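# A structural walkthrough
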Amino acid sequence: MRTDLLADPVDGLDEALAAVDAFDDALVAGLLRPQPAQTDGLAALADALGGTPLASLVAEAADKTAAGAAGEDHFVALAAARTALMGSVHDALTARVADVTGRPAAEAPEQPADGDEPAANVLAAARAWLCDLARAGWQGLDHELVGGAAPVVSAMLPDPALRRQATLLDGFAAELAASCPGATLDRIPVRRWADLWSRALLLTLPGAARTPAGSTATGRLLPLGVDVQEHATAVQAQVHAVFEPADGAPPRLVRAAASAPKPDTVVGAGLWQLLRPRMSLLTAVSEGRAMDLDGMPVTAEGDLVWDDERARVGEPADPFATARVALATATDPVTAPLDRHPVRIAVPVLLEGYAAERADDGTVTFTVAGHRLAVDTDRVPDAGPLTPEAIAASGACLGLLRWDAGAFLLQPLAVETTVRKKTVAVHAGAWAGGTTDKAGVRAEKAATDAVAVLRERAGRLLRS
């Protein structure tokens, strides 16, 4: 890996993000009657798109919005401009990552053909609500405004073609509702809400949610590690792996995810009880085994649509051996156009021969060939034996290369460390299929008790 490239500046990156931030700041107070500072933010966005196919459209939208006369089409143009800028940042960073890893990229899939469109009136209602949000701004939030999303989401949910938009709107509205009234907020997640707003608005356009046709995967799946993402009411485990096609085609990186709703009393290793029934791959990961796939559906972006009926446990497969042998030649997956955002960057890498250092405040850094790389230990889940101490004592690390707050950092998925003069691998997903570890057993038992109580209460409510 050319880790020296991670610290080199990326041309145009700061300018693109500055234009995005200027527009995001304009959304805080709302675009109904923009003030001079807000019109400056709109102009910055338009200037950043100068010389692109969107230039005239965005310039008109910025002028109309600055005059307080913006319609839905103008807000859509602004959302498209912001999304294009974040996409350019994503592309520049992924190009840099490709230079660092030296891995080939997969070919972009053909664009999806025209198909049946979901109910236009429901999408128009969603678009109208999102435009009202932009006019009011985050400081103008109130329960009446936010509550306008409820009937739209209710109308969307019965239609499977609108499930993606409904989920996004529902989650966004719930987050806004928890922050009402906006005028009293001490801190506003400016970029996050602007991300959600612009994405939701573009997904109301005809054809925006259409995806390229997927395919099927037959061959051997070699897991690398598990990324656990936990929220108060939900949990997801995403397995990153190398897939070796049975037809001899080049190996490629893929992902497989399992998600589940969860009560806030289920934490730590107890999370696996919610996820195991949904994906047999988790057991294979904890046992260090490959899986043989037969016709497993896979999207153009490399996401396996997991079906236990199409997978069986294979031979032992050590993730570090997989990384050393196959990771360098595996093709990186492509990213869907609307998913091009820096937060989506999560590239599997293997680091060896580094010097690990843990500061007094607990932060860990790796020094590789004289270059320092920050390690994001906050992303290491409590649902496994991997700890900051084990990471700081390691000599090899399998992780995800990410970008956050203006810098690249590494999220460890597994490390190799020395225990009693023997090399031992410690994996974040080691408890996914069950564990004999004392701490893991205690957490599993606590989760079992909590789930049993909740099920008993739910059954009592249903009977009454």
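Everything numeric here is computed off the predicted structure, so don't read it as measured data. (Residues numbered from 1 in each chain as written. Predicted model: local features only at pLDDT ≥ 70, side-chain atom pairs only at ≥ 80, totals over all residues. Heavy atoms only, no water.)

### A few points about the overall build of the chain
Counting its secondary structure elements, the chain contains 14 helices and 13 strands. Against the 2.2 N^0.38 benchmark of 23 Å for 464 residues, the chain shows a C-alpha radius of gyration of 24 Å, consistent with a compact globule. Here the chain holds 464 residues, and 46% of them are scored as buried. Nonlocal contacts in the chain, meaning residues at least 24 apart in sequence, comprise 68% of its contacts between residues at least 6 apart. With the model as given, the accessible surface of the chain reaches about 22000 Å², and the carbon-plus-sulfur share is 53%. Side-chain charges of the chain comprise 41 positive and 60 negative groups, with the mean position of each set lying 7 Å from the other. (Helix = DSSP H or I, 4+ residues; strand = E, 2+ residues; numbered from the N terminus. Rg over C-alpha atoms; globule rule 2.2 N^0.38 Å. Buried < 20%, exposed > 50% of the residue type's maximum accessible area, 1.4 Å probe, protein only. Contact = heavy atoms within 4.5 Å. Areas by Shrake-Rupley, 256 points an atom, 1.4 Å probe, with all protein chains shown as cover. Lys, Arg positive; Asp, Glu negative; His and termini not counted. Charge placed at Lys NZ, Arg CZ, Asp CG, Glu CD.)

### Observations concerning helix H1 (residues 13–29)
Looking only at H1, the buried set comprises Leu13, Ala16, Leu17, Ala19, Val20, Phe23, Asp24, Ala26, Leu27 and Val28. The secondary structure elements touched by the buried residues of H1 are helix H2 (36–48), helix H4 (72–101), helix H5 (120–136), helix H9 (190–202) and strand S11 (394–404).

### Quick notes on unusual backbone geometry
Residue Cys180 is joined to Pro181 through a cis peptide bond whose omega torsion reads -5 degrees. Backbone geometry places Ala369, a non-glycine residue, at a positive phi of 50 degrees. Relative to the assigned elements, Ala369 resides in the loop between strand S9 (364–368) and strand S10 (371–375).

### Section: empty space enclosed by the protein
Counted under the stated rule, the structure contains one cavity of 30 Å³ or more. Approximately 30 Å³ is the volume attributed to the largest cavity. Contributing to the lining of the largest cavity are Ala126, Met156, Gln165, Leu168, Leu169, Ala200, Leu203 and Thr204. The dominant element in the lining of the largest cavity, judged by the number of residues it contributes, is helix H8 (residues 163–177), at three residues. Classifying every residue of the lining of the largest cavity by side-chain character gives six nonpolar, two polar and no charged. (1 Å grid on protein atoms, 1.4 Å probe; cavity = no way out; pocket = protein on both sides within 12 Å on 5 of 7 lines; lining within 4 Å. Points joined across faces, edges and corners; volume = space filled by probe spheres on them. Nonpolar A, V, L, I, M, F, W, Y, C, P; charged D, E, K, R; others polar.)

### Looking at the nonpolar core
Judged by nonpolar contacts, the single largest core of 88 residues is most densely connected at Trp138, Trp197 and Phe366. With 12 residues, H4 is the single largest residue contributor to this core. Taken domain by domain, the makeup of this core includes at least three residues from each of domain 1 (18–90 + 116–202) and domain 3 (338–427). Leaving out residues up to four positions away in the same chain, Phe366 has contacts with Leu351, Tyr354, Ala355, Ala356, His371, Arg372, Leu373, Val375, Ile391, Ser394, Cys397 and Leu410. Judged by nonpolar contacts, the second largest core, of 36 residues, contains Val228, Val235, Ala241 and Ala269. (Core = buried A, V, L, I, M, F, W, Y, C linked by side-chain atoms within 4.5 Å. Domains from an automatic or database assignment.)

### Side note on the packing of H4 against H9
Angle between the axes and distance between the axes are the two parameters that describe a pair of packed helices. The interhelical angle for the contact between H4 and H9, taken along N-to-C directions, is 120 degrees, at an axis separation of 9 Å. Between H4 and H9, the angle falls in the class oblique. In this structure, H4 crosses over H9, and the sense of that crossing is left-handed. Between H4 and H9, the residues in contact are Phe75, Val76, Ala79, Ala80, Arg82 and Thr83 and Arg191, Ala194, Asp195, Trp197, Ser198, Leu201 and Leu202, respectively. Partitioning the contact of H4 with H9 into residue classes produces eight nonpolar, two polar and three charged. (Axes fitted to C-alpha atoms, helices over the stretch in contact; angles between N-to-C directions. Parallel < 35°, antiparallel > 145°, perpendicular 65-115°, else oblique. Left-handed = near helix turned anticlockwise from the far one by under 90°.)

### With respect to the packing of H2 against helix H3 (residues 55–66)
With their axes 9 Å apart at the nearest point, H2 and H3 run at an angle of 175 degrees to one another. In terms of orientation, H2 and H3 fall into the roughly antiparallel class. Of H3, the residues touching H2 (which contributes Thr39, Leu42, Leu45 and Ala46) are Val58, Ala59, Ala62, Thr65 and Ala66. Across the contact of H2 with H3, the residue classes break down as seven nonpolar, two polar and no charged.

### Thoughts on the pattern of salt bridges
Scanning the entire structure with this criterion turns up 24 salt bridges. Note that Glu244 and Arg220 form a salt bridge whose closest N and O atoms lie 2.7 Å from each other. Pair noted here: Glu244 is in strand S2 (residues 234–245) and Arg220 is in strand S1 (residues 215–230), with a separation of 24 residues, a long-range link. Note on Glu244: relative accessible area 25%, which makes it partly exposed. Residue class for Arg220 comes out partly exposed when judged on its relative accessible area of 27%. In this structure, Glu389 engages Arg358 in a salt bridge whose closest nitrogen and oxygen atoms are separated by 3.2 Å. Taken together, the residues Glu389 in helix H13 (residues 388–392) and Arg358 in strand S8 (residues 355–358) connect sequence positions 31 residues apart. (Salt bridge = Lys/Arg side-chain N within 4 Å of Asp/Glu carboxyl O.)

### Examining the side chain of Thr365
In this structure, Thr365 sits in strand S9. Judged by relative accessible area, which is 15%, Thr365 ranks as buried. At 3.3 Å, the side chain of Thr365 forms a polar contact with the side chain of Arg372. Setting aside its immediate chain neighbours within four residues, Thr365 contacts Ala355, Ala356, Glu357, Arg372, Leu373, Ala374 and Val375. (Polar contact = N/O pair within 3.5 Å; in protein donor to acceptor, adjacent residues only side chain to side chain.)

### Remarks on the confidence of the model for the chain
For the chain, per-residue confidence averages 91 on the pLDDT scale, and residues scoring 70 or more make up 97% of the total. The element-level mean pLDDT for the chain is lowest in helix H14 (residues 438–463), coming to 73, with H9 highest at 97. (pLDDT = per-residue confidence, 0-100.)

### Comments concerning H2
Taking 1.5 Å per residue, 13 residues should reach 18 Å; H2 reaches 18 Å between its end C-alpha atoms and fits that length. Restricting attention to buried positions, one finds in H2 the residues Gln38, Gly41, Leu42, Leu45 and Ala46. Seen from one end, H2 has its buried residues packed into an arc of 135 degrees, which puts them on one side. The exposed residues of H2 that point more than 90 degrees off its buried face are Pro36, Ala37, Asp40 and Asp47. In the core, the buried residues of H2 are packed alongside H1, H3 and H4. (Expected span 1.5 Å × (residues − 1). Arc of directions from axis to C-beta.)

### Quick notes on the packing of aromatic side chains
A full pass over the atoms with the stated rule returns five aromatic pairs. Summarising the aromatic geometry, the rings of Trp138 and Phe172 are spaced 6.2 Å apart at their centres and angled 70 degrees between planes, so their arrangement reads as edge-to-face. With Trp138 in the loop between H5 and helix H6 (143–147) and Phe172 in helix H8, the pair connects residues that are 34 residues apart, well separated along the chain. What makes Trp138 buried here is its relative accessible area of 1%. Each ring, one from Tyr354 and one from Phe366, has its centre 3.9 Å from the other, and the planes form 15 degrees; the classification is stacked. Taken as a pair, Tyr354 in the loop between strand S7 (347–352) and S8 and Phe366 in strand S9 lie far apart in primary sequence, 12 residues in all. (Phe/Tyr/Trp six-rings, centres within 6.5 Å; stacked < 30°, edge-to-face > 60°.)

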